[in-house]
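Chain by chain, the residues run as shown.
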Amino acid sequence: MLRFGLTSLARGAARTARRQPSFARRALSALPDHEILPMPALSPTMTEGNIASWTVAEGDAVNAGDAICEIETDKATVAFETTDDGYIAKILVPEGSEHVPVGTPVAVLVEEEEDVPAFAGFEAPALEDPAPAASSDEPNTAAAETPAAESSSASTPVPAPASSHGRQPLIKFRHGDREAIAAELLRKSQAVAQPPPPPRATTADDTTTASAATGAAFTDIPASNMRKIIASRLAESKSTIPHFYVSQECDITELTALRKSLATVTKVSLNDFVLRASALALRDVSVVNRSWDEVTGAAKPNDSVDISVAVATEGGLITPIVTNADQKTVSQISSNVKELAGKAKAGTLAPSEYQGGSFSISNLGMFGIDAFSAVINPPQGCIMAVGGGIARLERCTETGGVQPRTKMKVKLSCDRRVVDEAMAAQLLQAFRHYMEQPQHMLL
């Protein structure tokens, strides 16, 4: 579990909360001095959270840095720590509450223990004042109808169709009986607005079928807040970012042999080499190492090659970051990935270890997947989907015989606003060069 304390993010959220009049420490006429603790924003993308559990009870003494509750965010479960000493006078949001917006008051902190009983019936203040009602001095335009309009409607009583919401249609008659034409229009509009016929009576067969369907055993598994946020982010990415895809097949026969020869010295995975090759390719084709800036509406170059690695956890997918990957050896990348993956599965990643990144890699090769498409993780410009190695027999041009080769497919998903097709092709060419000549990655 992450511990949220006096980080810069926490301090910023706490200072922002204290500046708001409804959350500031103050003395009201009937209440002692107190401080209202709001739901903090534990990550830049967090808009709401779940109160997983309270680790304190009302009346408990707390010191600065003590964890008072566990909050489930869009990334992990985080311990929310107080920044002041005092006593928990009131818990405003019960344990198990979901979708609590950032800034919502969750608890009340007082300095003196004897002040706790004063908050027994305390209710949380509203997040913001409601919108002011419309002034009664404003003229009622709906009632301000001219006598001429009333006279006109009285002389030609044309009832409004059912679908017109009470508005009188403007109809200009060239000839014929006005009343007859109006009646015909009303008849047609009423025919269109007729409600659908009532459903037929339920038969015994229908009841048996419905009972069998509803009686089937099933279990509803509620989606975690993390999975909901992931679904929301991916849906937004897929629907708003202009994706395009380029694929490449790499011959990793020599790389596989190199891994086996290094096994006696150090154990590194194929994915470690993929990260190293991607980092070097991004260094060589630096024009691809960019992100999209929503504020300026332009592509922004990244100062370093920081690769996000997709790690599957029980709560959902998270992408810890290997920073400065182009400056690390394969063994250093391997150790870094193992450490980050362990933290991700244990839920102990710090925000700085999964926020940011300039490029993402998602590898499903270990699950027997040979190719797939990945969704871009904004604001990054690209994500690479890596498949598993497949053994093939290919004809040798030198001997004319056949020989076994191991091939691996990768597919690059690109944001067309950041990277064009030629840039993507150059990146994959560089990536293939390092994968097929792995000795260059060791330099």
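As the structure is a computational prediction, the values presented were derived from the model and not from experiment. For every chain, the first residue of its written sequence is number 1, and the numbers climb from 1 along that sequence. Reporting of local features is limited, given that this is a predicted model, to residues whose pLDDT is at least 70; pairs of side-chain atoms are given and counted only at 80 or more, and all residues count toward the totals for whole chains, interfaces and linings. Excluding hydrogens and water, the side-chain figures rest on all heavy atoms present in the structure.

### Some details on the overall build of the protein chain
As a reminder of what qualifies: The secondary structure listing takes helices from DSSP runs of H or I that are at least 4 residues long and strands from runs of E that are at least 2 residues long, numbered from the N terminus. Accessible area is worked out with a 1.4 Å probe on protein chains only. A residue is then buried under 20% of its type maximum, exposed over 50%, and partly exposed in between. Contacts are assigned to residue pairs with any non-hydrogen atoms lying within 4.5 Å of each other. Per-residue and other accessible areas were derived by the Shrake-Rupley procedure at a 1.4 Å probe size, with only the shown protein chains allowed to occlude residues.
Regarding its fold elements, the protein chain presents 9 helices and 20 strands. Taken over 443 residues, the protein chain has a buried fraction of 38%. In the protein chain, the share of contacts with a sequence separation of at least 24, taken over all contacts with a separation of at least 6, comes to 64%. When the accessible surface of the protein chain is summed, it comes to about 25200 Å², and 54% of that surface belongs to carbon and sulfur atoms.

### Some points on the nonpolar core
Put simply, the rule is: What makes a nonpolar core is a set of buried Ala, Val, Leu, Ile, Met, Phe, Trp, Tyr and Cys residues whose side-chain atoms join them at distances within 4.5 Å.
Judged by nonpolar contacts, the single largest core of 54 residues is most densely connected at M384, L412, F431 and M435. Not counting residues up to four positions away in its chain, the partners in contact with M384 are S278, F359, S360, I361, S362, V410, K411, L412, L428 and F431. Core analysis: the next-biggest nonpolar cluster, separate from the first, contains 20 residues, L37, I71, V78 and I91 among them.

### Focus on the confidence of the model for the protein chain
This is how the line gets drawn: For every residue, the predictor reports its confidence as pLDDT, a number between 0 and 100.
On average, residues of the protein chain score 79 in pLDDT, and 72% of them are at 70 or above. Ignoring residues within four places in sequence, the model shows residues 129-175, a span with pLDDT below 50, making 19 contacts including any to other chains.

### Brief notes about the environment of G103
With respect to the helices and strands, G103 occurs in the loop between β8 (100-101) and β9 (105-110). Among the residues examined, G103 registers a relative accessible area of 14% and is labelled buried. In this structure the C-alpha to C-alpha distance between G103 and E48, which are 55 residues apart in sequence, comes to 8.8 Å.

### Some details on the packing of aromatic side chains
As a reminder of what qualifies: Here is the rule: rings of Phe, Tyr and Trp (six-membered ring for Trp) pair when centre to centre is within 6.5 Å. Planes less than 30 degrees apart are stacked, more than 60 are edge-to-face, and the remainder are tilted. Criterion for a charge above a ring: Arg CZ or Lys NZ at most 6 Å from the ring centre, at most 35 degrees from the ring normal.
Per the counting criterion, the structure on display carries 1 aromatic pair. For the cation-ring pair, K411 lies above Y245, with the distance from its terminal atom to the ring centre recorded as 6.0 Å.

### As for a nonpolar patch on the surface
Rules: The patch calculation keeps residues exceeding 30% relative accessible area without a salt bridge and links them within 9 Å when they carry like charges or within 5 Å when they are nonpolar (Val, Leu, Ile, Met, Phe, Trp, Tyr). By salt bridge we mean one thing: a side-chain nitrogen of Lys or Arg within 4 Å of a carboxyl oxygen of Asp or Glu.
A cluster of nonpolar side chains, namely M366, F367 and I369, defines an oily patch on the protein surface of about 330 Å² accessible area. For F367, the position within the fold is in the loop between β17 (359-363) and β18 (382-386). What makes F367 exposed here is its relative accessible area of 62%.

### Here we look at the pattern of salt bridges
The final tally for this structure, using the stated rule, is 12 salt bridges. E421 is the salt-bridge partner of R416, the closest N and O atoms lying 3.1 Å from each other. Relative accessible area serves as the criterion here: at 38%, R416 is assigned to the partly exposed category. Residue R432 is joined to E436 by a salt bridge in which the shortest nitrogen-to-oxygen separation is 2.9 Å.

### Here's the deal with the sheet that holds strand β7 (residues 86-91)
Heads up, the rule is: What makes two strands pair is DSSP finding at least two bridges between them.
Spatially, β2-β9-β7-β4 is the arrangement adopted by the 4 strands of the open sheet, whose pairing is antiparallel. The sheet is open, and its two edges are formed by β2 (34-38) and β4 (61-62), each paired on a single side. Here β7 runs beside β9; their pairing, made up of 4 bridges, is antiparallel. From the neighbouring strand, I91 faces β9, where its bridge partner is A107.

### Details of the pairing of β17
Of all the 5 residues making up β17, 5 are buried; the element is thus mostly covered by neighbouring parts of the structure. Sheet topology note: the strand β13 (residues 307-309)/β17 ladder contains 3 bridges and is parallel. Its bridge partner lying in β17, S308 is registered against S360. In this structure, β17 lies alongside β18, joined through 4 bridges in parallel fashion. Bridged to S362 within β18 is A385.

### Here's the deal with the pairing of strand β5 (residues 67-72)
Direction of pairing for strand β3 (residues 48-54) relative to β5: antiparallel, over a ladder of 4 bridges. The residue of β5 that forms the bridge with S53 is E70. Note that β5 and strand β6 (residues 77-81) share 5 bridges and pair antiparallel. Within β6, the residue paired with E70 across the bridge is A79.

### So, the packing of helix α7 (residues 270-284) against helix α8 (residues 330-346)
The test is simple: Where helices are involved, their axes are fitted lines through C-alpha atoms of the stretch in contact, as for all axes, and angles between N-to-C directions lie from 0 to 180°. We call a crossing left-handed when the near helix sits turned anticlockwise from the far one by less than a right angle, and right-handed when that turn is clockwise. Throughout, the ten residues Ala, Val, Leu, Ile, Met, Phe, Trp, Tyr, Cys and Pro are labelled nonpolar, Asp, Glu, Lys and Arg are labelled charged, and all others, Gly among them, are labelled polar.
Between α7 and α8, the shortest axis-to-axis distance is 9 Å and the interhelical angle comes to 115°. As α7 packs across α8, the resulting crossing turns out to be right-handed. Along the contact surface, α7 presents D272, F273, L275 and R276, while α8 presents V330, I333, S334 and V337. Of the residues in the contact of α7 with α8, the class split is 5 nonpolar, 1 polar and 2 charged.

### Quick notes on helix α9 (residues 421-436)
Counted only if it meets this: Take the number of residues in a helix, subtract one, and multiply by 1.5 Å to get its expected span. Taking the helix axis as origin, the arc is that swept by the directions to the C-beta atoms. Here a polar contact is recorded for every N or O atom pair within 3.5 Å, except that within protein the pair must consist of a potential hydrogen donor and a potential acceptor, and residues adjacent in sequence are included only if both atoms are side-chain atoms.
The terminal C-alpha atoms of α9 lie 22 Å apart, and with 16 residues this matches the ideal 22 Å at 1.5 Å per residue to within 8%. Turning to α9, its buried residues number three or more, namely M423, A424, L427, L428, A430, F431, Y434 and M435. When α9 is viewed along its axis, its buried side chains cluster within an angular range of 160° and face the same direction. Its side-chain oxygen 3.2 Å from the backbone nitrogen of A422, D420 forms the N-cap of α9.

### With respect to helix α6 (residues 253-262)
Buried residues of α6: T253, L255 and L258, and no others. Buried-residue contacts for α6 involve β10 (243-251), α7, β20 (402-415) and α9.

### Remarks on the side chain of K90
Formally: The charge count treats Lys and Arg as positive and Asp and Glu as negative. His and the chain ends do not count.
Inspection of the secondary structure puts K90 in strand β7. Buried charge without a partner: K90 forms no salt bridge, and the closest opposite charge is E58, 4.2 Å away. In terms of polar contacts, K90 uses its side chain to reach the backbone carbonyl oxygen of A120, at 2.9 Å. K90 has contacts with E58, V106, A107, V108, F119, A120 and F122, leaving out every residue within four places of it along the chain.

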